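Overview (structure and organization)
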Amino acid sequence: MPKKMNFANIEAVTPGEFTKIPEGNYVVGIQEMKDNPDKEYVELVFDIIKGDYKGAYGDDWGAEHPFAHRMIMSYKDSAAGMLKGRLDLITKSNPGFDAEAAWNADDQTKAFFGKRFGLGMSYQMLDKDGMSYLKNPRPNWFKANWGTAEDAEAGSIKLPKRDDGTIPGEDEDASAPSTATAGVDMSNVPF
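Broken down by element type, the protein carries five helices and five strands. The buried share among the 191 residues of the protein stands at 41%. Across the protein, the fraction of contacts at a sequence separation of at least 24, relative to all contacts at a separation of at least 6, is 65%.

Structure representation (structure tokens):
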């Protein structure tokens, strides 16, 4: 039997009313970094820090769905170039901060807290098994291109192609999704 609940202070939400984050460019801030040494990657937890969706993942939903605002930064030898590129973007987004030096510091995870960068986010249209859900995409998975915070503010980070080959903003088909929340993008990780 499900637990008993006091519904007096709960606001009803009907299907389709879930607030989603539109595909687009966002300035995000690093909330946490967790090292996974056995798999040689760091999980970077972020939240949106500017604009209409500022703090979008700071609610209960964000706490209950940590994968929805997490990026993987592999430090395997095969991913060293991608890691360096992302660290360069963090450095450029935070004047006076040297992301490479912070990465090599003894307590690297604390050094990155609050640092910003830009993400251009698009829907991920296929689930892990390759099943299409273009008409009803999961609102918690995305593909992202990294950029500087300034690039995100200018809206100049090119949005990644969706799995169906369309690019947000270039396809005004009414059946194409126009909003999403974020999650882990593993498509560009070389491991």
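Right, picking up where we left off after that structure.
Attention shifts here to helix H2 (residues 80-93). An ideal rise of 1.5 Å per residue puts 20 Å on 14 residues; H2 measures up with 20 Å between its terminal C-alpha atoms. When H2 is considered as a whole, its buried residues turn out to be Leu83, Arg86, Leu87, Leu89, Ile90 and Ser93. The arc enclosing the buried residues of H2, seen along the axis, measures out at 155 degrees, which places them on a common side. Structural note: H2 exposes Gly81 and Lys92 on the side pointing more than 90 degrees away from its buried face.

Moving on, we come to the nonpolar core. The biggest cluster of nonpolar side chains holds 29 residues, and the ones touching the most others in it are Leu44, Phe112, Leu119 and Trp146. Those elements giving two or more residues to this core turn out to be strand E1 (24-36), strand E2 (41-48), strand E3 (70-74), H2, helix H3 (99-103), strand E4 (116-123) and strand E5 (142-147).

This paragraph deals with the sheet that holds E3. Strand order in the open sheet formed by five strands is E3-E2-E1-E4-E5, and the pairing between neighbours is antiparallel. Strands with a single pairing partner mark the edges of an open sheet, and in this sheet they are E3 and E5. Here the strands of the sheet are splayed against their neighbours by 45 degrees on average, with no regard to which way each runs. Bridge count for E1 against E4 is six bridges, and the pairing is antiparallel. Bridge pairing in E4 links Gly24 to Met121.

The subject of this paragraph is the packing of aromatic side chains. Inspection of the entire model under this criterion finds six aromatic pairs. With 4.1 Å between their ring centres and 10 degrees between their planes, Phe117 and Trp146 make a pair best called stacked. Here Phe117, found in strand E4, pairs with Trp146, found in strand E5; they are 29 residues apart in sequence, far enough to count as distant. In terms of burial, Phe117 and Trp146 fall into one category: buried. Of the aromatic side chains, those joined through ring pairs into one cluster are Tyr75, Phe97, Trp103 and Phe112. The ring of Phe97 carries the charged tip of Lys115 above its face, separated from the ring centre by 4.8 Å.

The rules behind these values
Residues numbered from 1 in each chain as written. Predicted model: local features only at pLDDT ≥ 70, side-chain atom pairs only at ≥ 80, totals over all residues. Heavy atoms only, no water. Helix = DSSP H or I, 4+ residues; strand = E, 2+ residues; numbered from the N terminus. Buried < 20%, exposed > 50% of the residue type's maximum accessible area, 1.4 Å probe, protein only. Contact = heavy atoms within 4.5 Å. Expected span 1.5 Å × (residues − 1). Arc of directions from axis to C-beta. Core = buried A, V, L, I, M, F, W, Y, C linked by side-chain atoms within 4.5 Å. Pairing = 2+ DSSP bridges. Axes fitted to C-alpha atoms, helices over the stretch in contact; angles between N-to-C directions. Phe/Tyr/Trp six-rings, centres within 6.5 Å; stacked < 30°, edge-to-face > 60°. Lys NZ or Arg CZ within 6 Å of the ring centre and 35° of its normal.

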